[in-house]
Amino acid sequence: MEDKRYHSVRLDPEKCKGCTNCLKRCPTEAIRVRAGRAHIIDERCIDCGECIRVCEYHAKYAQTDPLATINRFKYKIALPAPSLYGQFKKLANASQILEGLLHMGFDDVFEVAAGADIVTRAIRERMRGMSTDEFPLISSACPAITRLIQVRFPELISHIVDVRQPMEVAAMVAKREFCQKRGVAESEVGCFFITPCAAKMTAIRNPIGQEKSAVDGAISMLEIYGLLAGHLKNYPSELTLSKATSYGVGWANNGGEAVAVCPENSMAVDGIENVIRVLEEIENNKLRDLVFFEGAACTGGCVGGPLTFENGYIARGSIRALMKNSDLRHPDEVVKASYLTKYALQTTKKITPNSAMKLDDDIVEAMRKMEQLESIVKSLPGYDCGSCGSPTCRTFAEDIVRGHATKMDCIHILKDQLKIMAQKMVELAKTTRE
Ligand code: SF4
Ligand code: SF4
């Protein structure tokens, strides 16, 4: 079952020095530093992993499932993310990786890139029946971006693609095909995603757009890298296990999905701040001709995920090289139409706005609090220095309104108050002497 409070991104309070580095980088203002330690406001966190990247003390980390978790199931299927292929330089073909995973103890493998092929065809079919006012369609492939939209751009929720993510589709197909092939019960089979990021782990435990994930766990690419690299050396390069098209493999890089789904009038943007800028433009109706938008929280796309091993730029090049060696046909030619009817590919649960940014559910009360907030903002120095433990003076004012901080937490106000008090004491001493 889903756990609405689950977040993969965690803080190790022992390692946190309260340096405020992460404070300014969080795109949803979900971090505060109080009493010398950071803490994450769960309702606002979108698991983008930005704070993991910037923390010099490794106090932020992504919780994933340990490899031993696969032993909960009698039969284990590995679902490698396309970005896993980019972690190995000069890979002759993706089959080497799939064979390596089998030798590591998995009973079967199903490429998430093949899931991406199915999703590509399903989205294209969906788009055929859509009216122009439903565009631009916004990719749901990066769960951090979907959550960002829930928190900061609720008006764009209706534009989010309503087809399940490739890892979900891969898990559904892999499980059913394995059970049919081996004549075993679904409850005996576990599907494990090899993840480049915390956002996907959270999407499994706390799914968006569906009640329950078809994926049973996520293993970090960093954890599996060394073991897998050892196994890769032993296999010939002419294996043919990989069935994904070059388009499916290309989903690893930012822009790969857009090229596959909608080669014309699409836009692909990476890096959470850049994505925010484009979403603002979409919200303000400035990109009227745009049909499809693919946003990735990580630089370069999933190859730049916080749990990847290889430098994202090198991995991007490796993916491009691998694409040339893969099936060059478009998923429309390769994916059988029966997949679109045999599997429930559409999401089943409405995506709703995340009200964590709202001051109050009651509109009158919210307006009163907003007035209070504006008046506090005017009385603050406006340096946005973060020394109060909030990312900006405005969020500090918001924290005061919510009762989570007091004006005296601002070091500049405190200094001014101390100066006034000292002045008063001097004057008092003078009057007493006279
Ligand atoms: S994971 Fe992203 S949203 Fe969550 S606290 Fe870190 S930077 Fe903020
Ligand atoms: S871009 Fe890819 S790796 Fe990065 S958070 Fe989104 S899904 Fe995860």
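Quick caveat, the model's predicted, so the values are computed rather than measured.

Rules used throughout
- Residues numbered from 1 in each chain as written.
- Chains lettered and ligands numbered in written order.
- Predicted model: local features only at pLDDT ≥ 70, side-chain atom pairs only at ≥ 80, totals over all residues.
- Heavy atoms only, no water.
- Near = heavy atom within 4 Å.
- Nonpolar A, V, L, I, M, F, W, Y, C, P; charged D, E, K, R; others polar.
- Buried < 20%, exposed > 50% of the residue type's maximum accessible area, 1.4 Å probe, protein only.
- Helix = DSSP H or I, 4+ residues; strand = E, 2+ residues; numbered from the N terminus.
- Pairing = 2+ DSSP bridges.
- Right-handed = clockwise from strand over helix to strand, strands pointing away.
- Domains from an automatic or database assignment.
- Expected span 1.5 Å × (residues − 1).
- Arc of directions from axis to C-beta.
- Contact = heavy atoms within 4.5 Å.
- Polar contact = N/O pair within 3.5 Å; in protein donor to acceptor, adjacent residues only side chain to side chain.
- Salt bridge = Lys/Arg side-chain N within 4 Å of Asp/Glu carboxyl O.
- Phe/Tyr/Trp six-rings, centres within 6.5 Å; stacked < 30°, edge-to-face > 60°.
- Lys NZ or Arg CZ within 6 Å of the ring centre and 35° of its normal.
- Axes fitted to C-alpha atoms, helices over the stretch in contact; angles between N-to-C directions.
- Parallel < 35°, antiparallel > 145°, perpendicular 65-115°, else oblique.
- Left-handed = near helix turned anticlockwise from the far one by under 90°.

Notes on the site of ligand 1
Then step 1. With respect to spatial proximity, 13 residues lie near ligand 1, and among them C26, C45, I46, C48 and C51 are the closest.
Then step 2. For the shell around ligand 1, the class distribution of residues is nine nonpolar, two polar and two charged.

Regarding helix 7 (residues 198-205)
Then step 1. Counting buried positions over the eight residues of helix 7 gives seven, a clear majority of the element.
Then step 2. Buried residues of helix 7: A198, A199, K200, M201, T202, A203 and I204, and no others.

Let's talk about the site of ligand 2
Then step 1. In the neighbourhood of ligand 2, the contacting residues comprise C142, P143, P196, C197, A199, K200, A296, A297, C298, C302 and G305.
Then step 2. Of the residues in the shell around ligand 2, the class split is nine nonpolar, one polar and one charged.

Re the pairing of strand 11 (residues 292-296)
Then step 1. With five of five residues buried, strand 11 lies mostly within the body of the structure.
Then step 2. Burial along strand 11 is two-sided: F292, E294 and A296 and F293 and G295, pointing in opposite directions, are all buried.
Then step 3. As judged from the five bridges shared by strand 10 (residues 266-270) and strand 11, these two strands associate in the parallel manner. Bridging across to strand 11, S266 finds its partner in F292.
Then step 4. Traced from strand 10 through helix 11 (residues 272-283) to strand 11, the parallel crossover comes out right-handed.

Quick notes on the domain arrangement of the protein
Then step 1. Domain assignment breaks the protein into domain 1 (67-342) and domain 2 (363-434).
Then step 2. When each unit is reduced to the centre of its C-alpha atoms, the spacing between domain 1 and domain 2 is 48 Å.

Topic: helix 12 (residues 312-324)
Then step 1. When the terminal C-alpha atoms of helix 12 are compared, their 19 Å separation across 13 residues agrees well with the 18 Å that a helix rising 1.5 Å per residue should span.
Then step 2. Among the residues of helix 12, those classed as buried are A315, S318, I319 and L322. Across the axial projection of helix 12, the buried residues extend over an arc of 105°, all falling on one side. Opposite the buried face of helix 12, at more than 90 degrees from it, the exposed residues are Y313 and K324.
Then step 3. Next to the buried residues of helix 12 lie helix 2 (82-85) and helix 9 (246-250).
Then step 4. Sitting at the head of helix 12, N311 places a side-chain oxygen 2.7 Å from the backbone nitrogen of Y313.

As for the sheet that holds strand 5 (residues 75-80)
Then step 1. An order of 6-5-8-9 is seen for the four strands of this open sheet, with the pairing classed as parallel. The open sheet terminates on both sides in strands that have one partner only, identified here as strand 6 (108-109) and strand 9 (217-220).

Focus: the pattern of salt bridges
Then step 1. If you walk through the whole model with that rule in mind, you get 20 salt bridges.
Then step 2. Salt-bridge contacts for R44 lead to E398; the nearest nitrogen and oxygen are separated by 2.5 Å. Placement of R44 in the loop between strand 3 (37-40) and helix 1 (50-54) and of E398 in helix 16 (residues 393-401) is noted, with a sequence separation of 354 residues between them.
Then step 3. In this structure E398 comes out as buried when scored by relative accessible area, which is 10%.
Then step 4. Residues K74 and E188 are paired through a salt bridge, measuring 3.9 Å at the closest nitrogen-oxygen approach. Placement of the pair is K74 in the loop between strand 4 (60-62) and strand 5 and E188 in the loop between helix 6 (166-182) and strand 8 (189-195), with a sequence separation of 114 residues.
Then step 5. Assessed through its relative accessible area of 53%, K74 is described here as exposed.

Quick word on the pairing of strand 3
Then step 1. Where burial is concerned, the two faces of strand 3 differ: the one with A38 and I40 is buried and the one with R37 and H39 is not.
Then step 2. Across four bridges, the pairing between strand 2 (residues 31-34) and strand 3 is antiparallel. Bridging across to strand 3, R34 finds its partner in R37.
Then step 3. What sits between strand 2 and strand 3 in their antiparallel hairpin is a turn of two residues, with A35 showing a positive phi close to 50°.

Thoughts on the packing of aromatic side chains
Within a pair of aromatic rings, the relevant descriptors are the distance that separates the centres and the angle that separates the planes.
Then step 1. Enumeration over the complete set of coordinates arrives at five aromatic pairs.
Then step 2. Note on F73 and F192: the rings are 5.9 Å apart at their centroids and 70° apart in plane angle, and the pair reads as edge-to-face. Within this pair, whereas F73 is found in the loop between strand 4 and strand 5, its partner F192 is found in strand 8, the two being separated by 119 residues in sequence. Comparing F73 with F192 shows no difference in burial state: the two are buried.
Then step 3. Ring centres of Y75 and F178 lie 5.5 Å apart, and the angle between their planes is 55°; on these two criteria the pair is classed as tilted. With Y75 in strand 5 and F178 in helix 6, the pair connects residues that are 103 residues apart, well separated along the chain. Each member of the pair, Y75 together with F178, is buried.
Then step 4. Ring pairs connect the aromatic residues F88, Y225 and F309, which therefore count as one cluster.
Then step 5. The ring of Y6 has R205 lying over it, and the distance from NZ or CZ to the ring centre is 4.9 Å.

As for the packing of helix 15 (residues 363-379) against helix 16
Then step 1. Direction vectors running N to C along helix 15 and helix 16 enclose 130°, while the axes themselves pass 9 Å from each other. With respect to their mutual orientation, helix 15 and helix 16 come out oblique. For the crossing formed where helix 15 meets helix 16, the hand is right-handed. Along its contact with helix 15, which presents K369, M370, Q372, L373, E374, I376 and V377, the element helix 16 presents R394, A397, E398, I400 and V401.

Topic: unusual backbone geometry
Then step 1. Note the cis peptide between F135 and P136, where omega equals 0°.
Then step 2. Relative to the assigned elements, P136 resides in the loop between helix 4 (112-128) and strand 7 (137-138).
Then step 3. Residue N285 is not a glycine yet carries a positive backbone phi of 60°.

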